[in-house]
Each structure stands twice: as C-alpha cells, then as structure tokens.
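The residues making up each chain are set out below.
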Amino acid sequence: MQCDDRRTSWTLTKVTALCAVLLVGCSDGEPAQKKTASDSSSATSELVISQAIDRVGPSRVSLGSIEDNSALLTTILGIRGVGRSEIDCYLDKVVPVFGSEKFAKLTVAAIQKWTKITVLDLPPEVREDSATCLTQASNDRRKADEIAPDLDIALARTVVRKSSLKQAVGVDLTEGEAECYVEASLDHLTDDQFRDGLAGKLTREIRDPEAAVRKCVTAARREELREPLLAGLDAQRQREEADRKIAESKLNAEVNDQLTTTTVD
C-alpha cells in the first residue's frame, strides 16, 4: 500500500531534531556515543544530569513566543535540508492554521518532533498544501541526510542556546548552574563545529557535557538531582513510546479514510 508522498512528507521522515539540534552527537542511525543513562546504579550523576537536560528538559519548557519557536523550527527544518525561502513558505501556510497562540506555547519537545508527530495536529489537506513549498533539491537533501546550505548558523546558535538554558532550568538546575553549563558545553564551539553538530558529525566528547556538569554543579547537588532525573528519563522514554503509538494510530486512520473515500468514489 502506498500513500501520497505529499501527505507524508512532513510526517514519516526520519527526524534528527532531538539529537542534532541539541548537539548531543547522534544521528538517525546508531548514536555516535554509546553511553546512556538508565536505571542502572552504574550511571554517573553527571551522565544522568546531562542527558536529562537534552531529553527531559525539552518536554518541560517552552520558548514562549512565535518568534522563538519559528526560529527553532526553522533550524530543525534546515537540518532536514530545507532551504530558508521554502521554510518561510511552509511556516506561512501552517502556523496560521495551527493557531498562532497554540504554536507560541508549544514545548521545545513539540517543536523538535514537529515533522513526525506535532504536524499531525494539522488537517491532511494543509499538510499536502504545505509540502508544495519544497523543491526537489530539498527533498534530495532530506533523503541524503544533508542540511540546507543556507542554514543560518547565527540564528541556530541563538535559539539553541536559549533552549538549552531553559532545558537545564527545567530539570532543576539553578539559573547560575544552567548558564555555567551552557557556557562550558556550547559556547566554546566554533561555527564550523556547531554546524557539524547540527549535521550529526560532532561527537559528544567535543561538547563534553559531563565535564560541564562537574564544573558547574557541586557534588552534593549532583547527588540530589540524580534519582529524580533517572525517574524523569524513564518517564520520558515512556512518553516518547506513547507519542509514537498515537502518531501511528493517527496516520493509519488517515490512510484508511483515504482508502475508503477512494473506494466509494
């Protein structure tokens, strides 16, 4: 069974957002680094905290404005290979229908998973219309996992930094700890390194988020945060699985409806 590619263009694509936008050194395939925090007693507090910032933080915070969420989504779509003029065309089609106020309140996680899950809140016909904004060149880059050549690195750095600060505070770092963490793990990267990170070509070790946690969060605070954030990581895994099942259910319902309509016609 085949679906109209225009309908699925913004839903069934592989998404690098969670890994690439936050520069944790992974791609759509195998992660570039193998260390993951789990409920194992062997997970260090530094690893638990740094991964919670990247994985739990996005679901707890919102950038809080159309401008910032548009900038984050622009960066994510640019990572997916979409050129800036096409992104502007796309946003003009989808944000008014989605609802400006609703869009402004989306969490960072909802923006990160836009192309796979959040976009399903839009009617299929709007998704089809918005897909007409894409050129063949963008589609080719998406399939090849290449970022757009005109990706605005300055915009990306600004919005990723803002998001990272909020995410760190969202997992209960103080504002001072969060600022220190972002300075230590992101600010030292050159533009070329940052771009490589967005493209999934930068290893986690260059950021060394665990070292940033050790530098910015005292040992006592790290132990205080460890258990609650382990629980948060487990809850996040369950949330992501539930989101995946909901998205699959919605898509299956749409496909069945399309097939039914086609049969009746």
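For clarity, every value in this text was computed on a predicted model and none was experimentally measured. (Residues numbered from 1 in each chain as written. Predicted model: local features only at pLDDT ≥ 70, side-chain atom pairs only at ≥ 80, totals over all residues. Heavy atoms only, no water.)

### Side note on the overall build of the protein chain
Point 1. Along the protein chain, the regular secondary structure elements total 16 helices and zero strands.
Point 2. In the protein chain, which comprises 265 residues, the proportion classed as buried is 51%.
Point 3. Of the contacts made within the protein chain by residues no fewer than 6 positions apart, 80% connect residues no fewer than 24 positions apart.
Point 4. Of the roughly 12,300 Å² that the protein chain leaves accessible, carbon and sulfur atoms contribute 51%. (Helix = DSSP H or I, 4+ residues; strand = E, 2+ residues; numbered from the N terminus. Buried < 20%, exposed > 50% of the residue type's maximum accessible area, 1.4 Å probe, protein only. Contact = heavy atoms within 4.5 Å. Areas by Shrake-Rupley, 256 points an atom, 1.4 Å probe, with all protein chains shown as cover.)

### Details of the packing of helix α5 (residues 66-79) against helix α6 (residues 84-98)
Point 1. At a minimum axis separation of 10 Å, α5 and α6 run at an interaxial angle of 130°. Judged by the inter-axis angle, α5 sits oblique to α6. Between α5 and α6 lies a crossing whose hand is right-handed. Seen from α5, the contacting residues are S70, L73, T74, L77 and G78; seen from α6, they are R84, I87, Y90 and L91.
Point 2. Among the residues forming the contact of α5 with α6, the class breakdown is five nonpolar, three polar and one charged. (Axes fitted to C-alpha atoms, helices over the stretch in contact; angles between N-to-C directions. Parallel < 35°, antiparallel > 145°, perpendicular 65-115°, else oblique. Left-handed = near helix turned anticlockwise from the far one by under 90°. Nonpolar A, V, L, I, M, F, W, Y, C, P; charged D, E, K, R; others polar.)

### A word on the state of the cysteines
Point 1. This structure, assessed with the given rule, holds two disulfides.
Point 2. Two residues share a disulfide in this structure: C89 and C133, whose sulfurs sit 2.0 Å from each other. Across the disulfide from C89 to C133, rotation about the S-S bond amounts to roughly -65°, and the bridge is consequently left-handed. Of the two residues, C89 sits in helix α6 while C133 sits in the loop between α9 (124-131) and α10 (136-143), which places them 44 residues apart along the sequence.
Point 3. For C89, a relative accessible area of 29% corresponds to the partly exposed category.
Point 4. Judged by its relative accessible area of 7%, C133 is buried. (Disulfide = S-S within 2.5 Å.)

### With respect to the confidence of the model for the protein chain
Point 1. Residues with a pLDDT of 70 or more make up 82% of the protein chain, whose mean pLDDT is 85.
Point 2. Note that residues 1-34 has pLDDT below 50 and, in this model, 97 contacts with residues that lie over four places away or in other chains. (pLDDT = per-residue confidence, 0-100.)

### Focus: the side chain of N69
Point 1. With respect to the helices and strands, N69 occurs in helix α5.
Point 2. In this view, N69 contacts L63, F103, A104, K105, L106 and I111; residues no more than four positions away in its chain are not counted.

### Quick look at the nonpolar core
Point 1. The biggest cluster of nonpolar side chains holds 56 residues, and the ones touching the most others in it are Y90, F103, W114 and L173.
Point 2. In contact with F103, not counting residues within four places along its chain, are I66, N69, S70, L73, V95, F98, I111 and W114. (Core = buried A, V, L, I, M, F, W, Y, C linked by side-chain atoms within 4.5 Å.)

### Quick look at the packing of aromatic side chains
Point 1. Counted by the stated rule, this structure contains three aromatic pairs.
Point 2. Their ring planes at 85° and their centres at 5.8 Å tell us that F103 and W114 sit as a pair that is edge-to-face. Remark: W114 occurs in the loop between α8 (108-112) and α9 and F103 occurs in helix α7 (residues 100-104); sequence separation between them is eleven residues. Assigned by exposure class, F103 and W114 land together as buried.
Point 3. Within the aromatic cluster, the residues linked to one another by ring pairs are F98, F103 and W114.
Point 4. In this structure, K102 is placed above the aromatic ring of F98, and the distance from its NZ or CZ to the ring centre is 4.5 Å. (Phe/Tyr/Trp six-rings, centres within 6.5 Å; stacked < 30°, edge-to-face > 60°. Lys NZ or Arg CZ within 6 Å of the ring centre and 35° of its normal.)

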